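So you can see what is in the structure, the chains are spelled out below.
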Amino acid sequence: MSSSNITNIIRPEITSLSAYHVPESAGYVKLDAMENPFVLPEEMQQELGQHLAQVAMNRYPVPSYSSLKHIIAEKLGVPAGHDIIVGNGSDELIAMMSVACAKPGAKVLAPLPGFVMYAMSAKFAGLEFVGVPLHADFTLDKVAMLAAIVEHQPAIIYLAYPNNPTGTLYDADDMAEILRAVGNTGVVVVDEAYQPFAQTSFMSRLAEFDNLVVMRTVSKLGLAGIRLGYMAGNNALMAEFEKVRPPYNINVLTQAAAEFVLQRVEVLDAQAAELRAQRDKLSTALRATPGVEVFPSSANFLLIRVANAEQVFAKLLNHKILVKNVGKMHTLLENCLRITVSTQEENALFLAAFAASMPSK
Ligand SMILES: *Cc1c(COP(=O)(O)O)cnc(C)c1O
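Not measured: the values here are computed from a predicted model.

J.: How should the domain arrangement of the chain be read in this particular structure?
T.: Accessible area lost during the coming together of the parts is what is often quoted as the interface size. Along its sequence, the chain is carved into domain 1 (3–41 + 266–357) and domain 2 (56–263). Each of domain 1 and domain 2 was reduced to a C-alpha centroid, and the two centroids are 23 Å apart. In total, about 2600 Å² of surface goes out of reach between domain 1 and domain 2, with carbon and sulfur atoms giving 68% of it. By the criterion of area lost to domain 2, the three top residues of domain 1 are Leu268, Ser298 and Leu332, representing 22% of everything that side buries. Put simply, domain 1 and domain 2 have zero salt bridges between them. Going through the elements one at a time, helix H2 (12–15), helix H13 (266–287) and strand S10 (301–305) are the ones with two or more residues in the side of domain 1 that touches domain 2. Among the elements that make up the side of domain 1 that touches domain 2, the one with the highest residue count is H13 (eight residues). Of the residues assigned to the side of domain 1 that touches domain 2, the class counts are 18 nonpolar, six polar and eight charged.

J.: Before we go on, may I ask you to explain the pairing of S10 in this structure?
T.: Looking down a regular strand, the side chains alternate between one sheet face and the other. Across the five residues of S10, four count as buried, placing the element largely inside the fold. Pairing of strand S9 (residues 293–294) with S10, which is carried by two bridges, proceeds in the antiparallel orientation. From the neighbouring strand, Val294 faces S10, where its bridge partner is Ile304. Here S9 hands over to S10 after six residues, the two strands then running antiparallel side by side. Here five bridges tie S10 to strand S13 (residues 336–340), and the two strands are oriented antiparallel to one another. Across the sheet, Leu303 pairs through a bridge with Arg338, a residue of S13.

J.: What exactly am I supposed to notice about the nonpolar core here?
T.: One recurring pattern in soluble globular proteins: nonpolar side chains tend to sit buried together. Counting residues in hydrophobic clusters, the biggest one holds 57 residues, and the most contacted among them are Ile72, Val86 and Leu159. Beyond its immediate chain neighbours, meaning those up to four positions away, Ile72 contacts Gly77, Val78, Ile84, Val86, Tyr230 and Leu262. One finds Val29, Leu302, Phe313 and Val341 within the second-largest nonpolar core, a separate group that totals 31 residues.

What counts and how
- Residues numbered from 1 in each chain as written.
- Predicted model: local features only at pLDDT ≥ 70, side-chain atom pairs only at ≥ 80, totals over all residues.
- Heavy atoms only, no water.
- Domains from an automatic or database assignment.
- Buried area = accessible area lost by both parts, 1.4 Å probe.
- Salt bridge = Lys/Arg side-chain N within 4 Å of Asp/Glu carboxyl O.
- Helix = DSSP H or I, 4+ residues; strand = E, 2+ residues; numbered from the N terminus.
- Nonpolar A, V, L, I, M, F, W, Y, C, P; charged D, E, K, R; others polar.
- Buried < 20%, exposed > 50% of the residue type's maximum accessible area, 1.4 Å probe, protein only.
- Pairing = 2+ DSSP bridges.
- Core = buried A, V, L, I, M, F, W, Y, C linked by side-chain atoms within 4.5 Å.
- Contact = heavy atoms within 4.5 Å.

Structure follows, in C-alpha cells:
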C-alpha cells in the first residue's frame, strides 16, 4: 500500500512512532533486559513438566482466574479485601488502564526518564502524555510534580518504585504527598516491577489511599517468559478496569506454571537475594573504576555514566556483552548505560570486558 493510503487509514500518532526495537542477542552475555539469569532447580523443572502435561489445553481458561489470584494474594502479599486483576505482563495492565481512562482530553503523567510503555500506551489509547523531569540525581522533583498535577489534572500518574532506567527508589513521603494531592481526580499507579530487589512496597498502604493502584509483575522475579502481571487497588476502581480485560488474557499454561512456581516462591526469593548481593558487589567494583559514576539502585540493574557511552557500548558488543545504551533516551541520561545484574560469572565477564572497553589513561 502506498504511504499516502497508509496515512489515510492509520492514526498519525502511530505512523510517527518507530516499532519497539529488541536487539538480536544470540551468542551475547545478555545484560540488557533485567532478566533473572537463574533457572529453576532440575527437580522442580521435571515436576513442572509433569504438571504442565496435565493441563487441559483443549479448554478455554476459566476467566475468573480465582485460584491464580488466590495464590498471588497469599504468596506475593496482597492484603485481604483488595481485588486483583491479572494481565499478560504489566504491559497489558497499563494498556487496560489507558483504554479505561481515555476520555477526550484525558492525560497521563509520569516522571522522566521513566518506563517507555507509560507514554507509548497513552498514545495508543489516544491519551496525552505529560512527562515531568526528575532532578539531575534522578530523585523525584516533588514541587514540579505537584505543579504539573494541578496544571494537567491527569487521569493516571505512574510512579515506578524503583524507577527504570535509573534504579532510583523515590522518597515514600513524597509519593504519599502526591497521592494526597491527586485525591479523587486521578489514579496513581505505583509500578513495583522491581519489588523483589527493593524489598519495600506500597502494597500494605492500599487501605490508606482510594486512588492507589499497586502494579507488579513476575517478569523480574524470574518468569519473564510466561508474561504475567497483576495489580491491586480499590475494589470499585478494579471492577471498572476488569471490564476492559480480555476474558481469556492469561493462557492455561501461564496460569498453571505461575501457580506451580509461586507455591514454591522461596526458590525465586533466594535467587533475588543472591542478585541483591551481586548488585552490591558489582556496584562496589564499578565505583572503584576511574571515570565511572554509579547511581544508587534498588533494582536488579545499575545505571552508570561514563565519558563516552556510545564508544564503551560498542566495545562491549565486540566482547559479546550486551547492555542497554540509554544515553539518547533523555537529556538527563546523557552518556549513561544500564547494566542488568547477573550471576557472579557473568558479572565478572562484564567487568573484565568493561575494563578493556574504557579509554586507557
Ligand atoms: C520490566 C518492567 C515492567 C515489566 O513489564 P512486563 O510486561 O510485566 O514484563 C513493568 N514496569 C517497569 C518499570 C519495568 O521496568
